[in-house]
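# Per-entry structural report
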Amino acid sequence: MSVLDSLEEIREQALAELKSSKSLEELDQLRVSVFGKNGNLTSILRTMGKMDPQERAAVGKEANRVKQALESALNERKEILLRAAQQAKFELERVDVTAPGRHTLPTGRIHPMTQTYREIRDALVGMGFSLFGGPEIELDENNFTLLNLPPDHPARDMQDTFYINENVVLRTHTSPCEIRALKSVKPPFRLIMPGRVFRVDEVDASHSPVFMQIEGFIVDKGLTLGDLKGTLDTFVRAVFGDEVRTRLRPSYFPFTEPSAEMDMSCTICGGKGCRVCKGTGWIEILGCGITNPHELENCGLDPKEWTALAFGVGVDRVASLKYGISDIRLEYENDARFLRQF
Ligand SMILES: [Zn+2]
């Protein structure tokens, strides 16, 4: 067999093996068997030194042709195999994003206190009230004195206060926000002031040293107790339902004159009398009144020109009544078994 025939045979054989090669390893073995140190093409090239010039030229030319043809075929095949390997890897790693999860995560819920707060807020905002806020750490002056409770006033004892120092307290109610509003917002206005308030109290089923209040405050000209009753009646029905009836009962708060408490017909018995309403058919829901003129004067407003109406409602109280929760501690302790029910 001539050298040229051998070259042709190497070419044909290599191309055939190339076509049937299934992996990059196989391809590499093939490359070594042709181009390697002991490869069949290398062996032929090594004999060229002993050839006469004419033959060497012919063999050299042919060997080069075979070499180039095989090299480009090898590269081509390599590309194909690489792509196939990558495709196989993708198949293996394919994720079905529509498959249902293997673990179920516990879903969160809105806390009943937050639900109640939002209901109250939305009802009042729907009636034209805007939100207004103040700090939990408050000046004694804003918490008491300017609200018509000077330092020696006996009614200060009604609220057991956490004092930070002589002049600074943890606010005992949201009413100091009234002072801040009177000093910074131009009347007329309708504001709600939600927030935590603090009293020195032992924790039991109906007491907590921290609780959440929402203060309502309306300042306008010519307001009457009728406006207050109408506003609160609309508000209570928005939260508890249209069938609920309300009544105002005279009461005493140092910041309002006259002062009243609002009762609503018992949501459990509908007014017939039961254990919850202690047989009266009525349940106390909030405190309210016409703001004492001294408070307006203290903040630079003329009480002959302006009237202010105020009411305060406990979010925990409303939540207790709405959901039939008999122990206030449940509302603040975040026991998941309790919260899951809402
Ligand atoms: Zn009842």
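Bear in mind the structure is a predicted one, so any value in this text is a computation, not a measurement.

### Observations concerning the overall build of the protein
Scanning the protein for helices and strands turns up 12 helices and 10 strands. A compact globule built from 342 residues should have a C-alpha radius of gyration of about 20 Å, whereas the protein, at 44 Å, is more than 25% larger. C-alpha atoms of the protein, sized along the principal axes, occupy 130 × 50 × 40 Å. Out of the 342 residues in the protein, the part that is buried amounts to 40%. Residue pairs at least 24 apart in sequence account for 66% of intrachain contacts in the protein once pairs closer than 6 positions are excluded. Accessible area for the protein stands at about 19,800 Å²; split by element, carbon and sulfur atoms hold 52% of it. The average position of the 43 basic charges and that of the 50 acidic charges among the side chains of the protein differ by 7 Å.

### Looking at unusual backbone geometry
Cis geometry marks the peptide bond from Pro187 to Pro188, where omega comes out at 5°. Looking at the element boundaries, Pro188 is found in the loop between helix 7 (176–184) and strand 5 (189–198). In this model, Glu257 is joined to Pro258 through a cis peptide bond whose omega is 0°. Structurally, the position occupied by Pro258 is in strand 8 (residues 256–265). Phi at Asn148 is positive, roughly 75°, even though this residue is not glycine. Looking at the secondary structure, you find Asn148 in the loop between helix 6 (140–143) and strand 3 (163–165). In this structure Asn148 comes out as buried when scored by relative accessible area, which is 17%. The backbone of Asn334 sits at a positive phi, close to 60°, despite the residue not being glycine. Mapped onto the elements of the fold, Asn334 is located in the loop between helix 11 (328–333) and helix 12 (336–339).

### Let's talk about the sheet that holds strand 3
Strands sit in the order 2-4-3 across an open sheet of three strands; the sheet is antiparallel. Edge positions in the sheet fall to strand 2 (137–139) and strand 3, since each has one partner strand and no second. The average undirected angle you get between the axes of adjacent strands in this sheet is 35°. Of the strand pairs in this sheet, strand 3 and strand 4 (residues 168–170) are connected by two bridges, and their pairing is antiparallel. Paired with Tyr163 across the bridge in strand 4 is Val169.

### Digging into the domain arrangement of the protein
With domains assigned, the protein is organised as domain 1 (3–93) and domain 2 (112–339). The distance between the C-alpha centroids of domain 1 and domain 2 comes to 92 Å.

### Observations regarding the pattern of salt bridges
Scanning the model with the defined rule gives 18 salt bridges in all. One salt bridge connects Glu136 with Arg196, and the closest N-O pair in it is separated by 3.0 Å. Here the residue Glu136 occupies a position in the loop between strand 1 (130–131) and strand 2, and Arg196 occupies one in strand 5, the gap between them amounting to 60 residues. Notably, a salt bridge pairs Asp335 with Arg337, separated by 2.7 Å at the nearest N-O pair. Note on Arg337: relative accessible area 60%, which makes it exposed.

### Notes on a negative patch on the surface
The grouping of Asp157, Asp160, Asp201, Glu202 and Asp204 at the surface amounts to a negative patch. In this fold, Glu202 is placed in the loop between strand 5 and strand 6 (210–220).

### Section: helix 4 (residues 53–93)
Side chains three or four residues apart in an α-helix point the same way, a direct result of the helix having 3.6 residues per turn. End to end, helix 4 covers 59 Å across 41 residues, agreeing with the expected 60 Å (1.5 Å per residue, within 8%). Within helix 4, the full set of buried residues consists of Val59, Glu62, Ala63, Val66, Leu70, Ala73, Leu74 and Leu81. The elements touched by buried residues of helix 4 are helix 1 (3–20), helix 2 (24–35) and helix 3 (40–46).

### A look at the side chain of Glu261
Its place among the elements puts Glu261 in strand 8. Judged by its relative accessible area of 16%, Glu261 is buried. Every residue in contact with Glu261, bar those within four places of it in the chain, is listed here: Arg247, Leu248, Arg249, Ser251, Phe253, Glu284, Leu286 and Gly287.

Rules of the game
Residues numbered from 1 in each chain as written. Predicted model: local features only at pLDDT ≥ 70, side-chain atom pairs only at ≥ 80, totals over all residues. Heavy atoms only, no water. Helix = DSSP H or I, 4+ residues; strand = E, 2+ residues; numbered from the N terminus. Rg over C-alpha atoms; globule rule 2.2 N^0.38 Å. Buried < 20%, exposed > 50% of the residue type's maximum accessible area, 1.4 Å probe, protein only. Contact = heavy atoms within 4.5 Å. Areas by Shrake-Rupley, 256 points an atom, 1.4 Å probe, with all protein chains shown as cover. Lys, Arg positive; Asp, Glu negative; His and termini not counted. Charge placed at Lys NZ, Arg CZ, Asp CG, Glu CD. Pairing = 2+ DSSP bridges. Axes fitted to C-alpha atoms, helices over the stretch in contact; angles between N-to-C directions. Domains from an automatic or database assignment. Salt bridge = Lys/Arg side-chain N within 4 Å of Asp/Glu carboxyl O. Patch = residues over 30% accessible without salt bridge, like charges linked within 9 Å, V, L, I, M, F, W, Y side chains within 5 Å. Expected span 1.5 Å × (residues − 1).

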